[in-house]
There are 2 protein chains.
Amino acid sequence: MITKPTLLIDKEKCQKNIRKMALKAEKQQLIFRPHFKTHQSIEIGNWFKAFGVKKITVSSLDMAMYFSKDWNDITVAFPVNILEIKQINQLARTITLNILIESIDTVSFLEAHLQSPVNFFIKIDVGYNRTGVSPHHTDKINNILKASNASSLLTFKGFLAHAGHTYQCRSKQEIIDVHEKALSLFTPLKKQFSTLYPDLILSYGDTPSCSVSDNFNGIDEIRPGNFVFYDLTQHYIGSNTINEIAVTMVCPIVAIHPEKNEILIYGGGVHFSKDYLILEEDKKIYGLIIDPTTNTPTRCIPDTYLKSISQEHGIIAVPEQDISQYNIGQLIHILPVHACMTANSMKKYITNSQKTIERL
Amino acid sequence: MITKPTLLIDKEKCQKNIRKMALKAEKQQLIFRPHFKTHQSIEIGNWFKAFGVKKITVSSLDMAMYFSKDWNDITVAFPVNILEIKQINQLARTITLNILIESIDTVSFLEAHLQSPVNFFIKIDVGYNRTGVSPHHTDKINNILKASNASSLLTFKGFLAHAGHTYQCRSKQEIIDVHEKALSLFTPLKKQFSTLYPDLILSYGDTPSCSVSDNFNGIDEIRPGNFVFYDLTQHYIGSNTINEIAVTMVCPIVAIHPEKNEILIYGGGVHFSKDYLILEEDKKIYGLIIDPTTNTPTRCIPDTYLKSISQEHGIIAVPEQDISQYNIGQLIHILPVHACMTANSMKKYITNSQKTIERL
């Protein structure tokens, strides 16, 4: 029985989301290397194996260590943290480890300290502007490649990009526009460098692009992650329907305030994290309340949403005519704004059949 | 050696912060019942004992269970979650447990299910507008008290308030104004109910008020929590100096982008949480960078701040003239915006002498 904030996972929906993306990758003849930072769970990871997944992406060496018991080809899609060379060497001894490089300093360090073979991607900035080498800086790319030749343990695998600016979109068309622009920056690199590196691949990520687009011309590999759960952010971007969201926060009502049409739940920032959506001016939304007994597209209860959160408290706005339907001790089901962060805060999942699923 | 995002704790600063607040409480003849939700650590909790602290506050039954090995008088400053009645009964058997009530429904439930004596406070809303009974609703208060008389296991202890709206202040004077207004709403309750309940106490919280004000007339107990660490939010409110902040995030540099005067660190939302400050229009600040080798008030490096964070990435803005001073693999020291949430994300502390301090 659920008595406190709990992250419920719908296994069937997860598996549908995985199947859909796996089939898309297959149809487009893409390597499907899902990002496991969203779920960070060995057990959920195993659900991917039924769909032929053999290679994965993670965003830290800790995650790579955790998954290395079950997966032997892992890309750490985060610029190499040279201070963790010990973990890199440990992983490189036992699995195919692919890392991200974007500077000569990192290459020099690895050349001096690597003990086992490692593949590397050069991280390319295709417009997100977070990190990576500009695709126009071919001199910088050439310098990294030249430097890497000095190390017999470093093998150039290709270029890697993450069009994270799709998260700022608010429609499918906007996603497609950002995606097409990103591809136009990214894909010419293959031709440019294929003479010297005929086997290089282009690895491309982000759930919005991979969910919405059907154009992956020039791309060899995709690395979406969030799609396994989806969430409200992805829904309002245009990546998924409400019914495809596979995780729900369940929280008890601890106080009811009819005078202000608000309900207080046990469930706050330490459970949901603090990501929010702004759908109307000045109206922050930290989650939408659903009717858990239906699975129709109208399962969201109208005008009922998580309007603010502090450390352990959450306040739900409820329409005046509905407030009398709620009771202290009742469990409220809430779709999260950002599933990756909520799952990271909650640290475990409960399935519909009350089974606990552990994670890192 | 630190190799990845780490929360460093300065034990000496923590103890100074505790001493200062304990002395203030003593001088004002207040019961000092610090809130332990900020640190959530048995070991840090023990530092309070040297200053005569015997009673504590927490915000969940899980925290109460964790601390009940070491503390035998605990207030759970969160409206009772009736679904956790099992934990309530378990705690009430072994310690003095004080809970928060704000509705008759909760009283009725407890009357039917309590197995051991429990003290309760009535939660009063003194203007924060999150939860609690309005101090003007004496009818509601009377109804709760009357209902509680039916249970021989429920003992009325007094009224409890949290002036959380001091967090919206931006100066000491604003804090004092909010605090005085809150007191004027809160303290009359004592006179109103002292005929029937001569031993009732008024318990009052929040770090800004307790740090800044010297007027606690009518109050019997204070429950500040954040002051043990302080943080940037508290600093800009006016609660503390920069040098009183006792926790620092330490994160490795993984990429440097001189073309945009930015540094990429390993350290993101899963480490810092996502609270931010807006000090100038449209400029979000997720942390300030300090020079860890000095302890002067000018230890913050000018115009150098954590400007954005995603799951594992953080981007630091650096003045053009400084960017060449940074190297890949260097550790950056960052003052957090909200210490409670950062500590909750990090789950442990490292002291200056490299000792690990565990927490819930």
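Reading the values: the criteria
Residues numbered from 1 in each chain as written. Chains lettered and ligands numbered in written order. Predicted model: local features only at pLDDT ≥ 70, side-chain atom pairs only at ≥ 80, totals over all residues. Heavy atoms only, no water. UniProt positions renumbered as here; feature names shortened; annotations may be inferred. Least-squares fit on C-alpha atoms with pLDDT ≥ 70 in both. Contact = heavy atoms within 4.5 Å. Pairing = 2+ DSSP bridges. Helix = DSSP H or I, 4+ residues; strand = E, 2+ residues; numbered from the N terminus. Buried < 20%, exposed > 50% of the residue type's maximum accessible area, 1.4 Å probe, protein only. Arc of directions from axis to C-beta. Buried area = accessible area lost by both parts, 1.4 Å probe. Salt bridge = Lys/Arg side-chain N within 4 Å of Asp/Glu carboxyl O. Polar contact = N/O pair within 3.5 Å; in protein donor to acceptor, adjacent residues only side chain to side chain. Nonpolar A, V, L, I, M, F, W, Y, C, P; charged D, E, K, R; others polar.

Under an unreviewed UniProt entry, the name given to chain A is Alanine racemase, and the source organism is Aquimarina hainanensis. Under the heading Sequence similarities (unreviewed entry), UniProt records this for chain A: "Belongs to the DSD1 family."

1. Focus: the relation of the copies chain B and chain A
Between the two copies of this chain, the relationship is a rotation about some axis together with a displacement along it. For the pair chain B and chain A, the relating rotation is 180°, the translation along its axis is 0.0 Å, and the fit reaches an RMSD of 0.0 Å. Accordingly, the operation relating the two chain copies is best matched by a two-fold axis. Using C-alpha coordinates, one finds that chain B approaches the rotation axis most closely at K274 of chain B, a distance of 2.9 Å. The overlap is high: 100% of the interface residues of chain B also sit at the interface in chain A, so the same surface is used on both sides.

2. Some words on the sheet that holds strand 5 (residues 96-101) of chain A
Residues and elements named next belong to chain A. What the 8 strands build is an open sheet, ordered 2-9-8-7-6-5-4-3; its pairing is parallel. Strand pairing shows two members of the sheet lacking a second neighbour, strand 2 (31-32) and strand 3 (56-58), which therefore form its edges. Taken together, the 4 bridges between strand 4 (residues 73-79) and strand 5 define a ladder with parallel strand orientation. Paired with I74 across the bridge in strand 5 is L97.

3. Comments concerning helix 6 (residues 138-148) of chain A
Residues and elements named next belong to chain A. Listed as buried for helix 6 are I141, I144, L145, A147 and S148. Each buried residue of helix 6 lies within a common arc of 165° when the element is viewed along its axis, so the set occupies one face. Facing away from the buried side of helix 6 by more than 90 degrees, the exposed set consists of D139 and K146. Tucked into the core, helix 6 has its buried residues touching strand 5, helix 5 (104-113), strand 6 (118-124), strand 7 (154-162) and helix 8 (188-194).

4. Section: the interface of chain B and chain A
In this assembly, 54 residues from chain B lie in contact with 54 residues from chain A. A combined buried area of about 4600 Å² lies between chain B and chain A, and 56% of that area is made up of carbon and sulfur atoms. Considering only the surface of chain B that becomes buried against chain A, L83, R130 and Q311 of chain B emerge as the three largest contributors, covering 15% of it. Joining chain B to chain A, the criterion identifies 6 salt bridges. Measuring nitrogen to oxygen at the nearest pair gives 2.7 Å for the salt bridge that ties K4 of chain B to D62 of chain A. Scanning the region where chain B abuts chain A turns up 21 residue pairs in polar contact (both at pLDDT 80 or more). Of all elements in the fold, only helix 3 (61-67), strand 4 (73-79), helix 5 (104-113), strand 10 (247-257), strand 11 (262-266), helix 11 (269-272), strand 16 (313-317) and helix 12 (339-346) of chain B reach the threshold of two or more residues within the side of chain B that touches chain A. The residue inventory of the side of chain B that touches chain A, partitioned by class, reads 22 nonpolar, 18 polar and 14 charged.

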